[in-house]
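Residues per chain are reported as follows:
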Amino acid sequence: MPEGAGAGPRDAADAWQGWVGSRARVRRARDGERTDRPLPPGSVDLASNDYLGLSRDPSVARAAARAARTHGTGAGASRVVTGTHPVLPALEQDLARYAGRREALVFSSGYAANQGLLGALGGSGTLLVLDAHAHASLIDGARLSRAEVRTTAHGDLAEVEVALREHRRRNGVRARAAVVVESVYSVLGDTAPLTETARLCAEHGALLVVDEAHTLAAVPGGSAVRAEGLSDAGHVLVTATLSKALGAQGGAVLLGGEGAGAWRDHLLNTARTFLFDTALAPPAAGAARRALALADERRIGRLIANAEVAHRVLAGHPVTADRVERGAGAVHSVRMRSPGGAVRSAEVLRARGIAVGCFRPPSVPDGIARLRITIHADHDRRRLTRALETVAETINREDT
């Protein structure tokens, strides 16, 4: 009998258990003790992406409850199996109207929307060009798409152009290619040059995929693509999440131009995360519809004004002045000297009732540990200022 042929289930379980245990020990050594306790009442939330504070809005909660009473708490199956609850096409119409697009298709999450779209674009002969700071959902979607994937330096349009030109030279003028960017990147909070990238893609017959996770209902006009005058550009495909500024759950692909209907049909029939995933739950759809009605310029204006306050405080404090990376929207990052300092600072702040995001290797694309500060429209200015000053003081003590 070959060596190991008699190994049974216990041996396999022991082997896996040892591997899992070793990984857990490494993780604890790097990160310190983690806590999943919710913030106590009265805390300052500088960590979540609830940009407009709508996840706790009473009318949003009532809309979710109404949808649950009318349609049930879950969708039950994929839309291609049991059909579509009426609240979903209503949400899709609202989303398309809000973003200035012609069509929308809702997924169970923003992650699923990105994977579904890139999978539907992929296949032999397709090139997907990803920015180096692309979100994990875009990276995973590209890897699963069976397309050729090329990653370019962050924000480097010259590299993007080289990738598109080489692909077209190898495969002819009908070569399929798509450039994948985020309107606002989730760690640094900086923007992609959408107008220039859209123009470059048009010159090379390529699509532009824009992930608006951090800009839908969080920038003036409600959409970065709309603000750039690209809402009816047929070669620009948009994904978004309903779980950030809209305070609900789910994701969507938003389509413009005369071919929007054809693109939606293509996704209906080829996006695996739409076909084989249970549809978005009606309560989440009901909540998102109500949140869209509340995501007006007044609320977005408060968000932008609070973001300006955050930048003034962080850029004006001697500890953080040279470390803060100003975001174009509600996200600001503060560079840390070490991953350990980032973790310690986040834990101390949480104990003091202030939640911040903590990013450190290997999850950050450039290997630099950061605290991420996320601003909300409903932050009280004085409390926000005091919290940010506490952030700087804590960094000064813990990030040594």
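Residues numbered from 1 in each chain as written. Predicted model: local features only at pLDDT ≥ 70, side-chain atom pairs only at ≥ 80, totals over all residues. Heavy atoms only, no water.

1. Structural notes on the overall build of the chain
When you go through the chain residue by residue, the secondary structure sums to 15 helices and 12 strands. The dimensions of the chain, computed from C-alpha atoms along their principal axes, are 75 × 60 × 50 Å. Scored against the burial criterion, the 400 residues of the chain give a buried share of 52%. Counted over contacts in the chain with a minimum sequence separation of 6, partners at least 24 positions apart contribute 73%. Carbon together with sulfur atoms contributes 51% to the accessible area of the chain, which is approximately 18200 Å² in total. (Helix = DSSP H or I, 4+ residues; strand = E, 2+ residues; numbered from the N terminus. Buried < 20%, exposed > 50% of the residue type's maximum accessible area, 1.4 Å probe, protein only. Contact = heavy atoms within 4.5 Å. Areas by Shrake-Rupley, 256 points an atom, 1.4 Å probe, with all protein chains shown as cover.)

2. Considering the pairing of strand β6 (residues 207–211)
The buried fraction of β6 amounts to 5 of the 5 residues, a majority that puts the element mostly inside the structure. Residues Leu 207, Val 209 and Asp 211 point to one face of β6 and Leu 208 and Val 210 to the other, with burial holding for every one of them. Here strand β5 (residues 176–182) runs beside β6; their pairing, made up of 5 bridges, is parallel. For Val 179, the partnering residue across the bridge sits in β6 and is Leu 208. The parallel pair β5 and β6, bridged by helix α8 (residues 194–203), forms a crossover whose chirality is right-handed. As paired strands, β6 and strand β7 (residues 236–241) are joined by 4 bridges and run parallel to one another. Bridge pairing in β7 links Val 209 to Leu 237. (Pairing = 2+ DSSP bridges. Right-handed = clockwise from strand over helix to strand, strands pointing away.)

3. Topic: the packing of aromatic side chains
If you walk through the whole model with that rule in mind, you get 1 aromatic pair. Seen in terms of ring centroids, Phe 107 and Phe 274 are 5.8 Å apart; in terms of plane orientation they differ by 70°. Their pairing is edge-to-face. Taken together, the residues span a long stretch of sequence, with Phe 107 in strand β2 (residues 103–107) and Phe 274 in helix α11 (residues 272–275) at a distance of 167 residues. The pair formed by Phe 107 and Phe 274 is uniform in burial state, with each residue classed as buried. (Phe/Tyr/Trp six-rings, centres within 6.5 Å; stacked < 30°, edge-to-face > 60°.)

4. Thoughts on α8
Turning to α8, its buried residues number three or more, namely Leu 194, Thr 197, Ala 198, Leu 200 and Cys 201. Within α8, the buried residues cover an arc of 160° as seen down the axis, which keeps them to one side. Along its buried surface, α8 packs onto α7 (157–171), β5, β6, α9 (224–227) and β7. Downstream of α8 by a residue or two, Gly 205 has a phi angle that is positive, lying close to 65°. (Arc of directions from axis to C-beta.)

5. Focus: the layout of surface pockets
For the largest pocket, the calculated volume is near 460 Å³. The wall of the largest pocket is formed by 20 residues, among which His 135, Ala 136, Ser 186, Val 187 and Phe 359 lie closest to the centre. For the lining of the largest pocket, the residue count by class is 10 nonpolar, 7 polar and 3 charged. (1 Å grid on protein atoms, 1.4 Å probe; cavity = no way out; pocket = protein on both sides within 12 Å on 5 of 7 lines; lining within 4 Å. Points joined across faces, edges and corners; volume = space filled by probe spheres on them. Nonpolar A, V, L, I, M, F, W, Y, C, P; charged D, E, K, R; others polar.)

6. Structural notes on the nonpolar core
Grouped together as the largest cluster of nonpolar side chains are 88 residues, with contacts concentrated most on Leu 46, Leu 52, Leu 91, Leu 95, Leu 246, Val 356 and Ile 373. Ignoring anything within four residues of it in the chain, the contact list for Leu 91 reads Val 106, Leu 242, Leu 280, Ala 285, Ala 288, Arg 289 and Leu 292. Core analysis: the next-biggest nonpolar cluster, separate from the first, contains 25 residues, Leu 117, Ala 120, Leu 130 and Ala 178 among them. (Core = buried A, V, L, I, M, F, W, Y, C linked by side-chain atoms within 4.5 Å.)

7. Digging into the pairing of β2
Taken across its 5 residues, β2 has 4 buried, putting it largely inside the fold. Pairing geometry for β2 and strand β8 (residues 251–255), over 5 bridges, is antiparallel. Within β8, the residue paired with Leu 105 across the bridge is Val 253.

8. Section: the environment of Leu 128
Structurally, Leu 128 is set in strand β3 (residues 126–131). Residue class for Leu 128 comes out buried when judged on its relative accessible area of 0%. Along the chain, Leu 128 and Ala 147 lie 19 residues apart, while their C-alpha atoms are 6.6 Å from each other. With sequence-adjacent residues up to four places away left out, Leu 128 is seen in contact with Leu 118, Ala 142, Ser 145, Ala 147, Glu 148, Val 149, Arg 150 and Ala 178.

9. Some details on the side chain of Thr 197
For Thr 197, the location among the structural elements is in helix α8. Overall, Thr 197 belongs to the buried group, its relative accessible area being 2%. Other than its neighbours up to four places away in sequence, Thr 197 contacts Leu 157, Val 179 and Leu 208.

10. Structural notes on the packing of helix α5 (residues 110–121) against helix α10 (residues 260–270)
Where α5 contacts α10, the two axes come as close as 10 Å, and the packing angle between them is 100°. If you check the angle between α5 and α10, you find them roughly perpendicular. Contacts from Gly 116, Leu 117, Ala 120 and Leu 121 in α5 reach Trp 263, His 266, Leu 267 and Thr 270 in α10. (Axes fitted to C-alpha atoms, helices over the stretch in contact; angles between N-to-C directions. Parallel < 35°, antiparallel > 145°, perpendicular 65-115°, else oblique.)

11. Quick look at the sheet that holds β3
One open sheet accounts for 7 strands, arranged β2-β8-β7-β6-β5-β3-β4; its pairing is mixed. The two strands at the open ends of the sheet, each matched to only one other strand, are β2 and β4 (148–152). Between one strand axis and the next, the sheet turns through 20° on average, direction left out of account. The strands that α5 touches are β2, β3, β5, β6, β7 and β8; relative to β7, the one it contacts most, it runs at about 155°.

Keep in mind these numbers describe shape, not what the thing actually does.
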